[in-house]
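Listed below, chain by chain, are the residues.
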Amino acid sequence: MDKDLRSIASARRAADAAFDAYMQFLSRTPAEIDAIVEAMALAIEPEANKLAQMAVDETGYGNVPDKRVKNLFNALGVADHLRSINTLGLLWKDDATKIAAFGEPMGVVAALIPVTNPTSTVIFKVLSAVKAGNAIVCAPHPKGVQCGLETVRIMAAAAQSMGAPQGLIQCLDDVTLEGTAELMRHRRTSIVMATGGPAMVKAAYSSGKPTLAVGAGNVPCYVHASMDKELDEVATQIITSKSFDYGTACLSEQAIVADKTISKQLQHEMRMQGAYFCTESEANRLGEIIFSATGDIKPVFVGQAPQVLADAAQFDIPPNTRCIVSMETSVGKDRPLSAEKLNPVLAFYEAADSANGIAISRDIVQFGGWGHTAVIHSNDAQAITAFSTLPVGRVLVNTPAITGGMGYSTDLEPSFMLGTGTWSGSMTSDNVTALHLINIKRVACENKPWRQLYEEYRH
């Protein structure tokens with residue numbers, strides 16, 4: 001059979017089986033569902049390193065220690081958050097207004113899984129979907145099928161051991177774009193959770209189903225002059241965040257914008273943390289090997305170590321280099337390194353003053369990062385307020401982008417799916433959680449005499 005036809009048939013079988021399992025799952029109580037979610041999280045913990053290794057071996061992206069941390073953040077951090085929220089049954093009631101709200105599941109979730117985070121995203125979406133009382137079918141990237149299948153196998157086995165019906169948690173094993181598209185538009189699919197490249201996200205929006213999707217992130221990090229006494233810590237945060245899993249997260253910093261008075265010192269501190277500032281010719285060669293002529297990131301250079309990138313661009317870097325930095329003066333297609341880079345490469349801009357720094361940051365966001373995230377390091381309240389006008393869903397203050405945006409070092413909801421709002425065509429700018437996967441039913445009792453309508457609006 002044709003590969004697309006096999007994938008389409010597989011998607012149809014999975015969606016039908018998921019719906020049957022969902023119908024059985026409707027009888028489970030919130031307490032029973034919580035126990036299932038807990039069992040799945042605990043089952044992942046001892047397997048986190050194995051799954052990380054499988055992800056790196058299969059995709060060639062990132063590194064094992066950081067992917068292990070991603071797996072554990074979702075299995076433990078996200079699961080801990082899910083314990084603290086109610087998704088099903090009575091959510092709240094207001095005796096004064098005589099309104100009560102009840103959470104009900106949506107049905108079958110079609111979950112698109114990106115190649116950059118092929119196991120951690122599965123963990124996040126499965127825990128969130130099941131917490132909300134739903135069934136879920138994961139559609140991995142073709143380059144991340146085996147590690148996705150194993151992650152789902154572990155979680156499904158744990159769920160079934162606690163009484164979940166077979167078929168509640170599935171992963172497609174024969175994946176093509178046509179098969180994934182069939183899953184999204186299938187009559188049994190209720191909602192799509194799309195994380196992936198632009199083509200797949202566009203397909204999700206075109207599926208005809210309600211869609212939670214995320215846009216690209218071109219995250220500026222503005223370092224204000226008021227941080228002159230703390231630049232060593234700022235540099236540590238930036239380099240640690242950008243080098244995490246070799247830059248595979250769209251949430252990590254993409255460009256540094258530093259006030260002129262502290263720029264040189266910040267560059268020095270970044271070098272102390274393993275940053276290599278390349279020459280103009282090296283930066284040009286780096287841009288040519290990372291991006292295609294049309295401005296798209298070449299997949300082969302996503303999530304690669306700095307040494308791999310430098311070797312491909314034919315220049316030498318110190319053996320302890322954690323991040324490569326290019327000094328830039330403009331933003332746009334003529335400067336490819338000013339765009340989102342899913343690897344440990346940063347652009348660096350020098351700003352004349354605060355107004356100029358915010359203006360540069362705005363240009364960076366508008367060049368491929370609408371609605372995502374921006375970071376500011378500042379002790380000046382006015383500068384933070386002005387910076388917060390950027391068109392993004394998250395403004396992170398004095399914290400690394402990677403840990404702040406995903407809700408670890410801030411009190412944002414722990415999430416591996418960050419909405420980008422209508423700036424980029426997304427239906428939400430929230431950190432997506434299980435609460436985005438329920439329908440909320442409001443039960444409202446009469447609280448005002450209905451006949452009064454005629455008297456109140458007679459004239």
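Preceding this section is the structure that the text describes.
Residues numbered from 1 in each chain as written. Predicted model: local features only at pLDDT ≥ 70, side-chain atom pairs only at ≥ 80, totals over all residues. Heavy atoms only, no water.

### Digging into the sheet that holds strand β15 (residues 438–444)
Spatial ordering of the open sheet is given by β1-β2-β15, a layout of three strands whose pairing is antiparallel. Looking at the sheet topology across the chains shown, the edges are occupied by β1 (89–94) and β15. Recorded for the sheet is a direction-independent mean angle of 25° between the axes of neighbouring strands. The pairing of β1 with strand β2 (residues 99–105) spans five bridges and is antiparallel. Its bridge partner being in β2, D94 is matched across the sheet by I99. (Pairing = 2+ DSSP bridges. Helix = DSSP H or I, 4+ residues; strand = E, 2+ residues; numbered from the N terminus. Axes fitted to C-alpha atoms, helices over the stretch in contact; angles between N-to-C directions.)

### Side note on the sheet that holds strand β12 (residues 345–351)
Sheets are built from strands that pair by backbone hydrogen bonding, the pairs being arranged parallel or antiparallel. The strand order β10-β11-β12-β9-β8-β13-β14 describes an open sheet built from seven strands, whose pairing is parallel. The open sheet terminates on both sides in strands that have one partner only, identified here as β10 (275–277) and β14 (392–397). Between one strand axis and the next, the sheet turns by 25° as a mean value, whatever way the strands run. Pairing of strand β13 (residues 371–377) with β14, which is carried by five bridges, proceeds in the parallel orientation. When the bridges of β14 are listed, G371 appears paired with V392.

### Points about helix α13 (residues 354–366)
The end-to-end C-alpha distance of α13, which contains 13 residues, comes to 18 Å, matching closely the 18 Å that a straight helix rising 1.5 Å per residue would cover. In this structure, the buried side of α13 is in contact with β8 (219–223), β9 (253–259), β12, α14 (381–387) and β14. Capping of α13 at its N-terminal end is provided by D353; its side-chain oxygen lies 3.3 Å from the backbone amide nitrogen of A355. Once α13 finishes, G368 follows within two positions and takes phi at roughly 95°, a positive value. (Expected span 1.5 Å × (residues − 1). Contact = heavy atoms within 4.5 Å. Polar contact = N/O pair within 3.5 Å; in protein donor to acceptor, adjacent residues only side chain to side chain.)

### Digging into a negative patch on the surface
A cluster of acidic residues, D228, E230, D232 and E233, forms a negative patch at the surface. Checked against the element boundaries, E230 lands in the loop between β8 and α9 (231–243). (Patch = residues over 30% accessible without salt bridge, like charges linked within 9 Å, V, L, I, M, F, W, Y side chains within 5 Å. Areas by Shrake-Rupley, 256 points an atom, 1.4 Å probe, with all protein chains shown as cover. Salt bridge = Lys/Arg side-chain N within 4 Å of Asp/Glu carboxyl O. Lys, Arg positive; Asp, Glu negative; His and termini not counted. Charge placed at Lys NZ, Arg CZ, Asp CG, Glu CD.)

Taken by themselves, the reported measurements are silent on function.
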